[in-house]
Amino acid sequence: MFKTIFINRFQINTTSYTWFIIVVVTLTLCGLVVSIMSLIFNGAVTVDYLITGLVISILLIPVIGNIKLFFHNKLSDASLKNELTLTQTILDKSKTAFFRISRTGEVLYVNDYACHSLGYSKDELIGMYPWQFDPDFKASDWPAVWDTIIQDGIINIETRHRRKDGSIFDVDVTGHYISVNDEEFSFTLVQDISERKQAETLLRQKEGYQRALLDNFSFNVWFKDTESRFLAVNQTLADTLGYPDKDSLIGKNDFDIATPELAEHYRKDDLEVMTSRNQKTVQESFKGTSR
């Protein structure tokens, strides 16, 4: 938005104000020039010279305005070019892969990191389609994906990408709907999540090992929260209490498995251990529920 100024209580746009200055300066300069010439040649300022100066001023005003506009556009073009160069540099230096994908699925632009992650050159990637480097994605899936991008403005999926050498890696893909000058496309960000997926797999394996270890104990094992709810138990405890499986106990508390008197006693022991954070050995009696 142009800055506005006030002159004699009239709000004038700076573009109009610039033209006003051009007109005033042109008229003034032409008036001075013809006045000086009239004095030199006629000894006085005559009307015909003033009229000539006015005509010249009228002819010069659009010329001067166009010159001003020409240099203004040149400066604007240079500024825009610098902004585009800066944006391009930021995208290419990013450690996130960027893709510009048309409504038909064709890759129109990629940054340097996208090329690095997939092992293709820019010339190779531009013109390809996602299903050519995503083994879990088919060409027939694209129309539904594009509809989601248009309707929601964004789409996020976890999938896999295949490098040029054939190796596969996990990715998180986020596509944003963009419409510029009647051109629609998805500006897509792709993050390599291989390390996160590997960590999740290792965690699941570790939990599986721990679960197998607990279930093979011949004695009862359980974990509770501060409200005495069971968070995890082994199968031995489920068998002791007469539950069909250990998952049936998850979320239950002492009052669900024992008499109120025993439940209060269990809870007191639990709170003492959690508050003091000291180990305590107690004997507890369980009565099967025959559930």
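Structure: above.
Now for a look at the structure at hand.

### So, the overall build of the protein chain
- Looking only at helices and strands, one finds 9 helices and 9 strands in the protein chain.
- Within the protein chain, the fraction of its 291 residues that count as buried is 27%.
- Long-range pairs, those at least 24 residues apart, make up 38% of the contacts in the protein chain between residues at least 6 apart in sequence.
- Summed over its atoms, the accessible surface of the protein chain is roughly 19500 Å², and 59% of this surface lies on carbon and sulfur atoms.

### A few points about the environment of Phe169
- Locating Phe169 in the fold gives a position in strand β6 (residues 168-180).
- The class for Phe169 is buried, based on a relative accessible area of 5%.
- With 28 residues separating them along the chain, Phe169 and Lys197 place their C-alpha atoms 9.6 Å apart.
- In contact with Phe169, other than residues within four places in its own chain, are Ser117, Leu118, Thr159, Arg160, His161, Arg163, Asp192 and Ser194.

### Some words on helix α9 (residues 260-276)
- With 17 residues, α9 should cover 24 Å at 1.5 Å per step; its first-to-last C-alpha distance of 24 Å lies within 8% of that length.
- Every buried residue belonging to α9 is among Ala263, Tyr266, Asp269 and Asp270, and all of these are buried. For α9, the arc enclosing every buried residue in end-on projection is 130 degrees, short of the 170-degree limit, so these residues lie on one face. What points out from α9, more than 90 degrees from its buried face, is the exposed set Pro260, Glu261, Lys268 and Thr275.
- On its buried side, α9 packs onto β8 (222-224) and α8 (254-257).
- Backbone geometry just after α9 places Arg277 at a positive phi near 60 degrees.

### Let's talk about the pattern of salt bridges
- The full count for this structure, using the stated rule, is 12 salt bridges.
- Here Lys164 makes a salt bridge to Glu124, at a shortest N to O gap of 2.8 Å. With Lys164 in the loop between β5 (154-162) and β6 and Glu124 in helix α4 (residues 122-125), this residue pair connects regions lying 40 residues apart in the sequence.
- Residue Lys138 pairs with Asp141 through a salt bridge whose shortest N-O separation is 3.7 Å.

### Section: the pairing of strand β9 (residues 230-233)
- In the sheet, β8 pairs with β9 via 3 bridges, with the strands oriented antiparallel. Its bridge partner being in β9, Trp222 is matched across the sheet by Val233.
- In sequence, β8 turns back onto β9 through a hairpin of 5 residues, with Ser228 there showing a positive phi of about 65 degrees.

### Concerning the packing of aromatic side chains
- Per the stated rule, a full pass over the model turns up 7 aromatic pairs.
- Ring centres 5.8 Å apart and planes at 25 degrees place the aromatic pair Phe99 and Phe133 in the stacked group. With Phe99 in strand β3 (residues 97-102) and Phe133 in the loop between α4 and α5 (142-152), the pair connects residues that are 34 residues apart, well separated along the chain.
- What makes Phe99 buried here is its relative accessible area of 2%.
- The class of Phe133 is buried, set by a relative accessible area of 3%.
- Ring centres of Trp222 and Phe230 lie 6.5 Å apart, and the angle between their planes is 80 degrees; this geometry places the pair in the edge-to-face category.
- Taking the relative accessible area as the measure of exposure, Trp222 reaches 27% and is therefore partly exposed.
- Taken together, the ring pairs in this structure connect Tyr129, Trp131 and Phe137 into an aromatic cluster.
- Here the guanidinium or amino end of Arg100 rests over the ring plane of Phe185, the centre of that ring lying 5.1 Å away.

### Considerations on α5
- Within the span of α5, buried status applies to Trp142, Val145, Trp146 and Ile149. Axial view of α5: buried residues confined to an arc of 100 degrees, hence all on one face. Away from its buried face, by an angle of more than 90 degrees, α5 presents the exposed residues Gln151 and Asp152.
- Considering only its buried residues, α5 is in contact with β3, β5, β6 and β7 (183-192).
- Following α5 by one or two positions, Gly153 has its phi on the positive side, about 80 degrees.

So, how was this worked out
- Residues numbered from 1 in each chain as written.
- Predicted model: local features only at pLDDT ≥ 70, side-chain atom pairs only at ≥ 80, totals over all residues.
- Heavy atoms only, no water.
- Helix = DSSP H or I, 4+ residues; strand = E, 2+ residues; numbered from the N terminus.
- Buried < 20%, exposed > 50% of the residue type's maximum accessible area, 1.4 Å probe, protein only.
- Contact = heavy atoms within 4.5 Å.
- Areas by Shrake-Rupley, 256 points an atom, 1.4 Å probe, with all protein chains shown as cover.
- Expected span 1.5 Å × (residues − 1).
- Arc of directions from axis to C-beta.
- Salt bridge = Lys/Arg side-chain N within 4 Å of Asp/Glu carboxyl O.
- Pairing = 2+ DSSP bridges.
- Phe/Tyr/Trp six-rings, centres within 6.5 Å; stacked < 30°, edge-to-face > 60°.
- Lys NZ or Arg CZ within 6 Å of the ring centre and 35° of its normal.

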